[in-house]
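Structural features, examined
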Amino acid sequence: MKIIILDGYGLNPGDLSWGGFEALGSVTCYDRTAPEQRAERIGDAEIVLVNKVPLDESVFAKCPNLKYIGVLATGYNIIDLQAAKNHNICVTNIPAYSTMAVAQAVFALLLEVTNGVSAHSKSVHAGDWVKSPDFCYWKHPLTELYGKTLGIVGFGSIGSQTAKIAVAMGMNVIAFTRSTEKIDAFNAKYACLFEESQQVKAVSFEELLKNSDIVSLHCPLTEKSKGIINAESLKLVKDGAILINTSRGPLIEEQAVADALKAKKLRAYACDVLAAEPMQAANPLLGAPNCIITPHVAWAGLETRQRLMGIAVGNLKAFVSGKALNQVN
């Protein structure tokens, strides 16, 4: 069985092993693959593993032996699922592998905004504390999160884990989700740990924007959710609110957010995702004030990638045995 990995570098830049796949067949791994190289590299292989390289009818028509596509991520919008189905190609993904890591990243971004750890450390190393006439100083206002309201848009596994951390920090949590039973289940599960006043409350999207000190996005990207944060919805947001996006870049209209930062409508925007990745030089968020951007690394901790690799191997083993797991088509 021939296994082709089209863009392995993102998952495994050299600190993991492809051994689990090598035990199942002959593996050829490419760090990156350009669009014009896809069909040639897949050739007569039965198995393809891919992260961000799009696969569609134009590729499937040239690769008649292809039977399985393992997406090395949760999102699978890079695959034309209908075309894959028409060619009897099974497509799988990796669900819920990064829940803890992404929720952790939410608070890494938030605490950078509220505490400015990196800015203060740079100031100290630049000699500012040595020169200070006082025992302490701060470069910008510091904010205590206790008692602040966090609004979570989307209450799946990452949204609920984010809520758990927030409640543990003494924050009030409100959430907008089309599946309010998830909020009920969360409150029931943690009733013994949190006071009744700390229960997550379900609200409308408009109520969430109006009442949140911090808004964190955790919903999937759909036609309805694309651009939900835009010039109009930003008018509802509290002055000086913080916006966080570790979900999908196109959930926000980037020019509208950049404008809100310049107008000081938003105190800060902190994100790990952009509409186009890698970042384009013309992106309006590049150089925007009080804008923190990390290069889509919330998922990339070693332990998280090890988990992803293990699930990916398990998906392929299940397919080979005739019992597909995590199939999305």
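Throughout what follows, the structure given in this document is the object of discussion. (Residues numbered from 1 in each chain as written. Predicted model: local features only at pLDDT ≥ 70, side-chain atom pairs only at ≥ 80, totals over all residues. Heavy atoms only, no water.)

1. Examining the layout of surface pockets
Picture a little ball the size of a water molecule; that probe, rolled over the atoms, points out where space is still empty. Roughly 220 Å³ of volume is contained in the second largest pocket. For the second largest pocket, the full set of lining residues is Glu-112, Val-113, His-140, Lys-264, Leu-266, Arg-267, Ala-268, Asn-290, Cys-291 and Ile-292. Within the residue set of the lining of the second largest pocket, elements represented by two or more residues are helix H5 (99-115), strand S11 (266-271) and strand S12 (291-293). When the residues that make up the lining of the second largest pocket are grouped by side-chain class, the tally is five nonpolar, two polar and three charged. (1 Å grid on protein atoms, 1.4 Å probe; cavity = no way out; pocket = protein on both sides within 12 Å on 5 of 7 lines; lining within 4 Å. Points joined across faces, edges and corners; volume = space filled by probe spheres on them. Helix = DSSP H or I, 4+ residues; strand = E, 2+ residues; numbered from the N terminus. Nonpolar A, V, L, I, M, F, W, Y, C, P; charged D, E, K, R; others polar.)

2. Here's the deal with empty space enclosed by the protein
Enumeration according to the criterion identifies one cavity of 30 Å³ or more in this entry. Within this model, the largest cavity holds a volume of roughly 50 Å³. Lining of the largest cavity is provided by Phe-186, Asn-187, Tyr-190, Ala-191, Phe-194, Glu-195, Gln-198 and Gln-199. Partitioned by chemical class, the residues of the lining of the largest cavity number four nonpolar, three polar and one charged.

3. So, the sheet that holds strand S4 (residues 68-71)
Reading across from one edge, S2-S1-S3-S4-S5 is the order of the five strands in this open sheet, with parallel pairing throughout. Taken across any chain shown, the strands that pair with only one partner, and hence form the sheet edges, are strand S2 (26-29) and strand S5 (90-92). Each adjacent strand pair in this sheet contributes to an overall mean axis angle of 15°, direction not counted. Here strand S3 (residues 47-50) pairs with S4 via four bridges, running parallel. Across the sheet, residue Ile-47 finds its bridge partner in S4, namely Tyr-68. Where helix H13 (residues 302-320) meets the sheet, its contacts fall on strand S1 (2-5), S3, S4 and S5, and the angle it forms with S4 comes to roughly 160°. (Pairing = 2+ DSSP bridges. Axes fitted to C-alpha atoms, helices over the stretch in contact; angles between N-to-C directions. Contact = heavy atoms within 4.5 Å.)

4. Things to note about the sheet that holds S11
The strand order across the open sheet formed by seven strands is S8-S7-S6-S9-S10-S11-S12, and the pairing between neighbours is parallel. Two strands bound the open sheet, and with one partner strand each, they are strand S8 (201-202) and S12. Here five bridges tie strand S10 (residues 241-245) to S11, and the two strands are oriented parallel to one another. Bridge pairing in S11 places Ile-244 opposite Ala-270. Against the sheet, helix H8 (residues 157-168) touches strand S6 (149-153) and strand S7 (172-176), its axis set at about 175° to S6.

5. Focus on the packing of aromatic side chains
One pass over the structure, following the stated rule, counts six aromatic pairs. Both rings, one in Tyr-190 and one in Phe-194, keep their centres 5.8 Å apart while their planes meet at 35°; by these two values the pair is tilted. The burial state of Tyr-190 is the same as that of Phe-194; both residues are buried. Across from the ring centre of Tyr-9, 4.6 Å away, lies the NZ or CZ of Arg-32, which sits over that ring. The lysine or arginine in question, Arg-41, covers the ring of Tyr-30, its NZ or CZ lying 4.0 Å from the ring centre. (Phe/Tyr/Trp six-rings, centres within 6.5 Å; stacked < 30°, edge-to-face > 60°. Buried < 20%, exposed > 50% of the residue type's maximum accessible area, 1.4 Å probe, protein only. Lys NZ or Arg CZ within 6 Å of the ring centre and 35° of its normal.)

6. Some points on the environment of Ala-166
Tracing the backbone through its elements, the reader meets Ala-166 in helix H8. Once the C-alpha coordinates of Ala-166 and Gly-147 are considered, the two residues, 19 residues apart in sequence, prove to be 9.9 Å apart. With sequence-adjacent residues up to four places away left out, Ala-166 is seen in contact with Phe-107, Leu-150, Met-171 and Val-173.

7. Quick word on the environment of Arg-41
With respect to the helices and strands, the residue Arg-41 is situated in helix H2 (residues 38-42). For the pair Arg-41 and Asp-239, spaced 198 residues apart in the sequence, the C-alpha separation amounts to 52 Å. Setting aside its immediate chain neighbours within four residues, Arg-41 contacts Ile-4, Leu-6, Tyr-30, Arg-32 and Thr-33. Here the side chain of Arg-41 touches Arg-32 through a polar contact of 2.7 Å, landing on its backbone oxygen. (Polar contact = N/O pair within 3.5 Å; in protein donor to acceptor, adjacent residues only side chain to side chain.)

8. A short note on unusual backbone geometry
With an omega dihedral of 0°, the bond running from Glu-277 to Pro-278 counts as a cis peptide bond. Mapped onto the elements, Pro-278 comes out in the loop between S11 and S12. A positive phi is found at Ala-96, a non-glycine position, where the angle reads about 60°. Note on placement: Ala-96 falls in the loop between S5 and H5. Although it is not a glycine, His-296 sits at a positive phi angle of roughly 55°. Checked against the element boundaries, His-296 lands in the loop between S12 and H13.

9. Quick word on the state of the cysteines
Per the counting criterion, the structure on display carries zero disulfides. For the unlinked cysteine Cys-63, the closest cysteine sulfur is that of Cys-90, found at 17 Å. Owing to a relative accessible area of 1%, Cys-63 belongs among the buried residues under this scheme. (Disulfide = S-S within 2.5 Å.)

10. As for the pattern of salt bridges
Taken as a whole, this structure holds six salt bridges when the rule is applied. We note a salt bridge from Asp-15 to Arg-305, for which the minimum N-O separation is 2.6 Å. Here the residue Asp-15 occupies a position in the loop between S1 and helix H1 (19-22), and Arg-305 occupies one in helix H13, the gap between them amounting to 290 residues. With relative accessibility at 41%, the residue Asp-15 sits in the partly exposed group. As a salt-bridge pair, Lys-238 and Asp-213 come within 2.8 Å of each other at their nearest N and O atoms. Here Asp-213 lies in the loop between helix H10 (205-211) and strand S9 (214-217) and Lys-238 lies in the loop between helix H11 (231-234) and S10, a separation of 25 residues in the sequence. A residue is classified by how much of its surface remains accessible, and Lys-238, at 30% relative accessible area, is partly exposed. (Salt bridge = Lys/Arg side-chain N within 4 Å of Asp/Glu carboxyl O.)

Keep in mind that these numbers describe shape and distance, not what the molecule does.
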